[in-house]
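One-letter residues, chain by chain:
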Amino acid sequence: MNFSPPEIKQGEIPFSDDDFRSLANLAKLQFGLNLAESKKPLVYSRLSKRLKARGVFSFPEYISLLVKPGEENEKFELISALTTNVTSFFREIHHFKTLEEEIIPDIIENAKNGRRVRLWSAGCSAGPEPYSLAMTLLKAFPEAKEYDVRILATDIDPKIIERARIGRYTAEEIDGISPDFRSKWINKIAEKNSFEVSSNLKKLITFNELNLVSEWPFSGSFDAIFCRNVAIYFDQETQQKLWQKFCNHLTSNGVLFIGHSERVTGSATRQLEGIGITSYRKVSNSAEDCKNRRE
Ligand SMILES: C[S@@+](CC[C@H](N)C(=O)[O-])C[C@H]1O[C@@H](n2cnc3c(N)ncnc32)[C@H](O)[C@@H]1O
């Protein structure tokens, strides 16, 4: 027998301050999210849809459901409801200029000298950021695939990672890509108004799920890390731990790019110097490096 959950109108499900605080605690513990009291109406409007989809009619019931074993997917639904996936190709274009002018020349030299080169798009959403990195890199270094050069692209949300991996976009979504790059890397597909990034671009990128506020399953260093418009959701303590962790995972002279409304604060500032708008180069200091790697 089919069961459709009844309609829930705005205001129908009670949402007390205690409910909000329980949700905020869970979101902080699991994902480092910072939900200020002022976000209560937004949280209500986004999450009441999730409750409706699950046929749940009270927030305490929803919160106990979230912590049940086997409800991993609901946690991802929660984070999707509490954050945004807004992204675009070549967003904050100045970062791609810095990458092209200040980082890629060294990358080419290092790769040709047999060194491992890694770039990371952390919190990559539906993929425009890592694909923009790949296009910028291949423009200057078309033979990159012949060397040990890879881009890692991660996001906490499994659905958005799958979209990124597929790499299909509408005409509006590919608007930020120059005609030259479009003709090289973007193919029109049969589906109306749809475009797909070429497999040559995809081959350079590894897409994986990763919660930035958890253990990272790798130990290598990155020549550049893009983590833009992600830490904005985290409280200051979580942000500062994240900046330090990124710093520990940068090669010496590696560069961290963050979102336009974000700032690096805390212990990482001792090792990172600003080289442009919201971009920071790691200053080599082997003693400090060793100390942080041990922590
Ligand atoms: C606004 S998008 C930013 C996308 C891209 N970096 C950009 O600037 O265009 C934020 C992304 O961060 C992801 N995110 C939020 N919390 C996260 C966490 N704890 N770990 C990893 N990714 C997270 C979201 O799923 C979302 O896709």
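All of these numbers come straight from a predicted model, not from anything done at the bench.

What counts and how
Residues numbered from 1 in each chain as written. Predicted model: local features only at pLDDT ≥ 70, side-chain atom pairs only at ≥ 80, totals over all residues. Heavy atoms only, no water. Axes fitted to C-alpha atoms, helices over the stretch in contact; angles between N-to-C directions. Helix = DSSP H or I, 4+ residues; strand = E, 2+ residues; numbered from the N terminus. Parallel < 35°, antiparallel > 145°, perpendicular 65-115°, else oblique. Contact = heavy atoms within 4.5 Å. Nonpolar A, V, L, I, M, F, W, Y, C, P; charged D, E, K, R; others polar. Domains from an automatic or database assignment. Buried area = accessible area lost by both parts, 1.4 Å probe. Salt bridge = Lys/Arg side-chain N within 4 Å of Asp/Glu carboxyl O. Polar contact = N/O pair within 3.5 Å; in protein donor to acceptor, adjacent residues only side chain to side chain. Core = buried A, V, L, I, M, F, W, Y, C linked by side-chain atoms within 4.5 Å. Buried < 20%, exposed > 50% of the residue type's maximum accessible area, 1.4 Å probe, protein only. Pairing = 2+ DSSP bridges. Near = heavy atom within 4 Å. Areas by Shrake-Rupley, 256 points an atom, 1.4 Å probe, with all protein chains shown as cover. 1 Å grid on protein atoms, 1.4 Å probe; cavity = no way out; pocket = protein on both sides within 12 Å on 5 of 7 lines; lining within 4 Å. Sits in = over half its atoms within 2 Å of the grid points. Phe/Tyr/Trp six-rings, centres within 6.5 Å; stacked < 30°, edge-to-face > 60°. Lys NZ or Arg CZ within 6 Å of the ring centre and 35° of its normal.

Draft legend 1. Spotlight on the packing of helix 3 (residues 59–66) against helix 4 (residues 72–82). The geometry of helix 3 relative to helix 4 is characterised by a closest axis approach of 9 Å and an angle of 125° between their N-to-C directions. Considering their axes alone, helix 3 and helix 4 lie oblique with respect to each other. Along its contact with helix 3, which presents Tyr 62, Leu 65 and Leu 66, the element helix 4 presents Glu 74, Lys 75 and Leu 78. Residues that form the contact of helix 3 with helix 4 fall into these classes: four nonpolar, no polar and two charged.

Draft legend 2. Expanded view of the domain arrangement of the protein. According to the domain assignment, the protein contains domain 1 (17–82) and domain 2 (93–294). Distance between the C-alpha centres of domain 1 and domain 2: 29 Å. Facing 11 residues of domain 1, the contacting portion of domain 2 comprises 12 residues. Interface area, domain 1 with domain 2, both sides summed: about 910 Å², of which 52% is carbon and sulfur. Summed over the shared surface of domain 1 and domain 2, the result is two salt bridges. A salt bridge links Lys 28 to Asp 235; the shortest N-O distance between them is 3.6 Å. Linking domain 1 with domain 2 are five residue pairs in polar contact (both at pLDDT 80 or more), by the criterion used here. Mapped onto the side of domain 1 that touches domain 2, the elements with two or more residues apiece are helix 1 (17–31) and helix 4.

Draft legend 3. Just the nonpolar core, in detail. Core analysis: the biggest nonpolar cluster contains 50 residues, and Leu 23, Leu 47, Leu 78, Trp 120, Leu 212, Phe 246 and Leu 256 have the highest contact counts within it. Split by domain, the residues of this core number at least three in each of domain 1 (17–82) and domain 2 (93–294). Apart from the residues within four sequence positions on either side, Trp 120 is in contact with Leu 152, Thr 154, Leu 210, Leu 212, Trp 216, Phe 218, Phe 222, Ala 224, Ile 225, Phe 226 and Phe 246. In terms of nonpolar packing, the next biggest core, distinct from the first, is built from 41 residues, Tyr 131, Met 135, Phe 141 and Ile 186 among them.

Draft legend 4. A look at the sheet that holds strand 4 (residues 186–188). With antiparallel pairing, three strands are arranged side by side in an open sheet as 3-5-4. Edge positions in the sheet fall to strand 3 (168–170) and strand 4, since each of these pairs with one other strand and no more. Geometrically, the sheet is characterised by an average inter-axis angle of 35° between neighbouring strands, direction not taken into account. Direction of pairing for strand 4 relative to strand 5 (residues 194–197): antiparallel, over a ladder of three bridges. The residue bridging Asn 187 from the neighbouring strand is Glu 196, located in strand 5.

Draft legend 5. The arrangement of the site of the ligand in detail. As a structural note, the neighbourhood of the ligand is formed by 20 residues, with Thr 87, Arg 91, Gly 123, Asp 155 and Asn 229 the closest of them. Residue Thr 87 places a side-chain N or O atom 2.6 Å away from an oxygen atom belonging to the ligand. Against a free-state accessible area of 610 Å², the protein chains account for coverage of 99% of the ligand. Applying the majority rule of atoms within 2 Å of the grid points places the ligand in the largest pocket.

Draft legend 6. Main features of the packing of aromatic side chains. According to the stated counting rule, one finds 19 aromatic pairs in the structure shown. Arranged with centres 5.7 Å apart and planes meeting at 40°, the rings of Phe 15 and Tyr 44 form a pair that is tilted. Of this pair, Phe 15 sits in the segment before helix 1 while Tyr 44 sits in helix 2 (residues 40–54), and the two are 29 residues apart along the sequence. Of the aromatic side chains, those joined through ring pairs into one cluster are Phe 90, Phe 96, Phe 181, Phe 226 and Phe 257. Sitting above the plane of the Phe 195 ring, Lys 188 keeps its charged end 4.9 Å from the centroid.

Draft legend 7. Representation of the environment of Ser 199 in the model. Tracing the chain through its elements places Ser 199 in helix 9 (residues 199–202). Residues Ser 199 and Ile 166, 33 residues apart in the sequence, show an inter-C-alpha distance of 9.8 Å.

Draft legend 8. Expanded view of the pattern of salt bridges. Counted by the stated rule, this structure contains 23 salt bridges. Residues Arg 165 and Glu 162 are paired through a salt bridge, measuring 2.7 Å at the closest nitrogen-oxygen approach. Taken as a pair, Arg 165 and Glu 162 lie in helix 7 (residues 158–166) at a separation of three residues, close to a single helical turn. Accessibility expressed as a relative area gives 35% for Arg 165, which makes it partly exposed. Take Glu 162: its relative accessible area is 36%, and that puts it in the partly exposed class. With its nearest N and O atoms 3.5 Å apart, the salt bridge here joins Lys 241 to Glu 237. Pair noted here: Lys 241 and Glu 237 are both in helix 10 (residues 236–248), with a separation of four residues, about one helical turn. Taking the relative accessible area as the measure of exposure, Lys 241 reaches 55% and is therefore exposed. Connected through shared salt-bridge partners, Arg 50, Arg 54, Glu 71, Glu 74, Glu 77 and Lys 159 make up one network.

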